[in-house]
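Single-letter residue listing:
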Amino acid sequence: MSFISTLEITVDPAAANLDAIFDLDLPNTAAFPGNQSTEVLQDTHNPGRLIVVSRWATQADLDAYTAWRQSPEGKTRVAEIITGPPSSRHFSVRNTYQGAVAEHIRIGPQRHQDEYL
């Protein structure tokens with residue numbers, strides 16, 4: 001089971017140092033033990049709204065990363081670019097669906113088809 005961390009922030013999309021801040025901070029996130037992926041999503045209707053999404057192998061990995069980010073060694077420069085209070089959330093992955101040409105394939109706990117009827 002994977003675990004997801006989201007950090008929603010509001011920024012000035014024209015800020016000159018926006019990408020530089022992410023380029024400095026996010027490689028450390030991606031290299032942290034247990035990190036499976038990290039993405040920055042930008043709202044298509046509000047380009048100043050960003051969500052950083054990280055996928056973690058275990059809850060312990062996510063907890064260790066969260067503790068590290070709250071320490072002086074893990075401090076980020078994100079505060080330099082945000083224009084409002086950030087929002088952080090943690091999720092466990094309940095089910096995963098992957099697209100296929102003619103059908104969706106469910107990856108997760110096995111269930112019988114009649115459970116969905």
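The rules behind these values
Residues numbered from 1 in each chain as written. Predicted model: local features only at pLDDT ≥ 70, side-chain atom pairs only at ≥ 80, totals over all residues. Heavy atoms only, no water. Salt bridge = Lys/Arg side-chain N within 4 Å of Asp/Glu carboxyl O. Helix = DSSP H or I, 4+ residues; strand = E, 2+ residues; numbered from the N terminus. Buried < 20%, exposed > 50% of the residue type's maximum accessible area, 1.4 Å probe, protein only. pLDDT = per-residue confidence, 0-100. Pairing = 2+ DSSP bridges. Axes fitted to C-alpha atoms, helices over the stretch in contact; angles between N-to-C directions. Contact = heavy atoms within 4.5 Å.

Turning to the pattern of salt bridges, a few remarks are in order. Applying the stated criterion across every chain yields a total of 3 salt bridges. With its nearest N and O atoms 2.6 Å apart, the salt bridge here joins Glu8 to Arg49. Taken together, the residues Glu8 in strand E1 (residues 3-10) and Arg49 in strand E3 (residues 49-56) connect sequence positions 41 residues apart. Classification of Glu8 by relative accessible area gives partly exposed; the value is 27%. Assessed through its relative accessible area of 32%, Arg49 is described here as partly exposed. Glu80 is the salt-bridge partner of Arg77, the closest N and O atoms lying 2.8 Å from each other. Overall, Glu80 belongs to the partly exposed group, its relative accessible area being 46%.

Let us now look at the confidence of the model for the chain. Averaged over all residues, the pLDDT of the chain equals 87, while 85% of them reach at least 70. Mean pLDDT values for the elements of the chain range from 56 in strand E6 (residues 104-107) up to 97 in E3.

One ladder, built from 8 bridges, connects E1 with E3; its direction is antiparallel. Paired with Ile9 across the strands is Leu50, a residue of E3. Counting the residues that bridge the hairpin from strand E2 (residues 35-42) to E3 gives 6 residues.

What follows is about the sheet that holds E3. Overall, antiparallel pairing links the 4 strands, which are arranged E2-E3-E1-E4 in an open sheet. Here the strands that pair on one side only, and so sit at the sheet edges, are E2 and strand E4 (87-92). Shown here is a sheet whose adjacent strand axes are inclined to one another by a mean of 15°, direction ignored. Sheet strands in contact with helix H1 (residues 18-31) are E1, E2 and E3, and its direction is about 160° off that of E2. Of the strands in this sheet, E1, E3 and E4 are in contact with helix H2 (residues 59-69), which crosses E1 at around 35°.

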